[in-house]
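Here are the chains, one letter per residue:
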Amino acid sequence: MMSSDCSDTASLSALPPGGHRAVARCDALGVAPYSEEKDQLFRPYLSASYRATCDCIAGWMQSAGMKTRLDAAGNLVGRYEGLTPDAPALLIGSHIDSVRDGGRYDGMLGVLMSVELVAHYAAQGRRFPFALEVIGFGDEEGSRFPAAMLTSRAVAGLLKEVPADMQDAAGITLQDALAAEGLALERMPEAARKPEEILAYLEAHIEQGPVLEAENRAVGVVTAIAAQYRFRVRMKGVAGHAGTMPMTLRQDALAAAAEAVLAIEKIGQSGPSDLVATVGQLTVVPGVPNVVPGEVIFSIDVRAGDAAVRNAATAEIRTALEALAARRKVTLEISLQQDLPATPCDAALTDMLSEAAQSVTGTVPRRMVSGAGHDAMIVAALAPVCMLFIRCEGGISHNPAEAVNPSDVEQAFQVMTRFIEDFAGRRP
Ligand SMILES: [Zn+2]
């Protein structure tokens, strides 16, 4: 991998390792050639901008004393050896890819903070009883091929078989995209790591929500990644003439759906703060001004840190919808589209991360459930995981307006160094 011709200007390299440099480097990677587009950030898996970004980060990794490689799934991996060669590793990282018109810090901040951590220890000549491995996952977002977290699945050993050869929007197959990087679809499962090689996984990520900002906190500790249900609901009434059908005789599917949306909102509000219930999509049939709606199709997304909480809320939603459908004489069909289990973070590591955060910030950190999915929930199948959230402005993410405060990131960096040192201290 080449490390030249990267946007690491002399001024960036002159910054000491830490949160400020991580932010500056995220900013440097927010534009072409590290984006497919000139006027927005879009960095899909295995694209030209992905390659340029990996080359650039690999250069920074090498300067920090790491040996770099692209694994069989196209993830960028940098390894900083421990006190003894081939020691098992503490894996730290996040993802390199972005959504279309995304922000500069989603994923990338966690990757570059990990590089900074190694640079920090390399500058002191300090090594641990374990190796530090930094990983930049390739396709967390699923913004190119119709699958997300394929590359963390590969690392976690969850791709037992070769994945399907899917196509991107331009008709390029995953096989061809991998081949362009010298990789092979049939070898993708070889990115799997052995459990004995990976001691734990630590991921730092922007919160992508407004809670830390509202509570005026720089960082938070993630206890679990939420369990998620997604349903498709169909309510059927009777379509009729908007002028001639009396109000008393109507079986209006949209009026029923409207009542359903409000019932779902109310149930979402009635649980613990990490319970969320959303109707985000709604289609009215026939959807014209002079016809009483005969049919409505809508989505329900329910998430909570604890599957039991999610399931109880879902049962309550079902009961409410059945009751109002019966009263309004519309039929109800609810079909399950997606069922993702909750992923608890490792309790001992989470406690250690909380203690590190408390010693840096001087307050007991906020513990929170991640409503969004992350690579950590996949890596949990391989090793114990923990996650640190960093405040982002207005809770905005997947948007060019995504912003962080560099001093928050510096605090998060301090928390991570403290965590790594405690982790080393507590190992037998
Ligand atoms: Zn992300």
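Conventions we followed
Residues numbered from 1 in each chain as written. Predicted model: local features only at pLDDT ≥ 70, side-chain atom pairs only at ≥ 80, totals over all residues. Heavy atoms only, no water. UniProt positions renumbered as here; feature names shortened; annotations may be inferred. Buried < 20%, exposed > 50% of the residue type's maximum accessible area, 1.4 Å probe, protein only. Contact = heavy atoms within 4.5 Å. Polar contact = N/O pair within 3.5 Å; in protein donor to acceptor, adjacent residues only side chain to side chain. Domains from an automatic or database assignment. Buried area = accessible area lost by both parts, 1.4 Å probe. Salt bridge = Lys/Arg side-chain N within 4 Å of Asp/Glu carboxyl O. Helix = DSSP H or I, 4+ residues; strand = E, 2+ residues; numbered from the N terminus. Phe/Tyr/Trp six-rings, centres within 6.5 Å; stacked < 30°, edge-to-face > 60°. Expected span 1.5 Å × (residues − 1). Disulfide = S-S within 2.5 Å.

- The name given to the chain in an unreviewed UniProt entry is Allantoate amidohydrolase, with Acetobacter cerevisiae as the source organism.
- Taken verbatim from the UniProt record of the chain, the Subunit (unreviewed entry) comment is "Homodimer."

Side note on the UniProt feature "binding site: Zn(2+) 2" (unreviewed entry) in the chain
Okay, so step 1: Summarizing the sequence annotation, UniProt attributes the feature "binding site: Zn(2+) 2" (unreviewed entry) to D106, E141 and H398 in the numbering used throughout. These residues run over 293 residues, yet every pair of their C-alpha atoms falls within 10.0 Å of each other.
Okay, so step 2: You can call D106 buried: its relative accessible area is 7%.
Okay, so step 3: Apart from the residues lying within four places of it in its own chain, the contact partners of D106 are H95, D97, E141, H205, I206, Q208, S397, H398 and E402.
Okay, so step 4: Of the polar contacts made by the side chain of D106, one reaches the side chain of H205; its length is 2.8 Å.

Observations concerning the domain arrangement of the chain
Okay, so step 1: What the domain assignment lists for the chain is domain 1 (10-225 + 342-426) and domain 2 (227-340).
Okay, so step 2: Between the C-alpha centres of domain 1 and domain 2 there is a distance of 38 Å.
Okay, so step 3: Taken residue by residue, the interface counts 6 residues in domain 1 and 7 residues in domain 2.
Okay, so step 4: In this assembly, domain 1 packs against domain 2 so that about 450 Å² is buried in total across both faces, 58% of it on carbon and sulfur atoms.

Brief notes about the pattern of salt bridges
Okay, so step 1: Considering all chains together, one arrives at 26 salt bridges under this definition.
Okay, so step 2: Between R79 and E133 there is a salt bridge whose closest N-O contact spans 2.8 Å. Remark: E133 occurs in strand β4 (residues 131-137) and R79 occurs in strand β2 (residues 76-80); sequence separation between them is 54 residues.
Okay, so step 3: You can call E133 buried: its relative accessible area is 2%.
Okay, so step 4: For the salt bridge of D168 with R144, the shortest nitrogen-to-oxygen distance reads 2.9 Å. With D168 in the loop between α5 (150-155) and α6 (174-179) and R144 in the loop between β4 and α5, this residue pair connects regions lying 24 residues apart in the sequence.
Okay, so step 5: Note on D168: relative accessible area 11%, which makes it buried.
Okay, so step 6: For R144, a relative accessible area of 17% corresponds to the buried category.

Overview of the packing of aromatic side chains
Okay, so step 1: All told, the structure shown has 8 aromatic pairs when counted by the stated rule.
Okay, so step 2: Note on Y45 and F145: the rings are 6.5 Å apart at their centroids and 85° apart in plane angle, and the pair reads as edge-to-face. Remark: F145 occurs in the loop between β4 and α5 and Y45 occurs in the loop between α2 (19-28) and α3 (48-63); sequence separation between them is 100 residues. For the pair Y45 and F145, a shared accessibility class is recorded, and that class is buried.

Topic: the UniProt feature "domain: Peptidase M20 dimerisation" (unreviewed entry) in the chain
Okay, so step 1: With numbering matched to this structure, UniProt assigns "domain: Peptidase M20 dimerisation" (unreviewed entry) to residues 231-326.
Okay, so step 2: Taken end to end, residues 231-326 is 39% helix and 28% strand, and its first and last C-alpha atoms sit 20 Å apart.

Observations regarding helix α4 (residues 108-124)
Okay, so step 1: Look at α4: 25 Å from first C-alpha to last across 17 residues, which is about the 24 Å you get at 1.5 Å a residue.
Okay, so step 2: Of all 17 residues that make up α4, 13 are buried, and the element is covered over most of its length.
Okay, so step 3: Of the residues flanking the end of α4, it is G125, one or two places downstream, whose phi is positive at about 65°.

A look at the state of the cysteines
Okay, so step 1: Here the structure, examined in full by the defined rule, presents 0 disulfides.
Okay, so step 2: Free of any disulfide, C54 has its nearest neighbouring cysteine sulfur in C56, separated by 10 Å.
Okay, so step 3: For C54, a relative accessible area of 3% corresponds to the buried category.
Okay, so step 4: Left without a disulfide partner, C345 is nearest to the cysteine sulfur of C386, which lies 7.1 Å away.
Okay, so step 5: According to the relative accessible area criterion, C345 is buried, its value standing at 8%.

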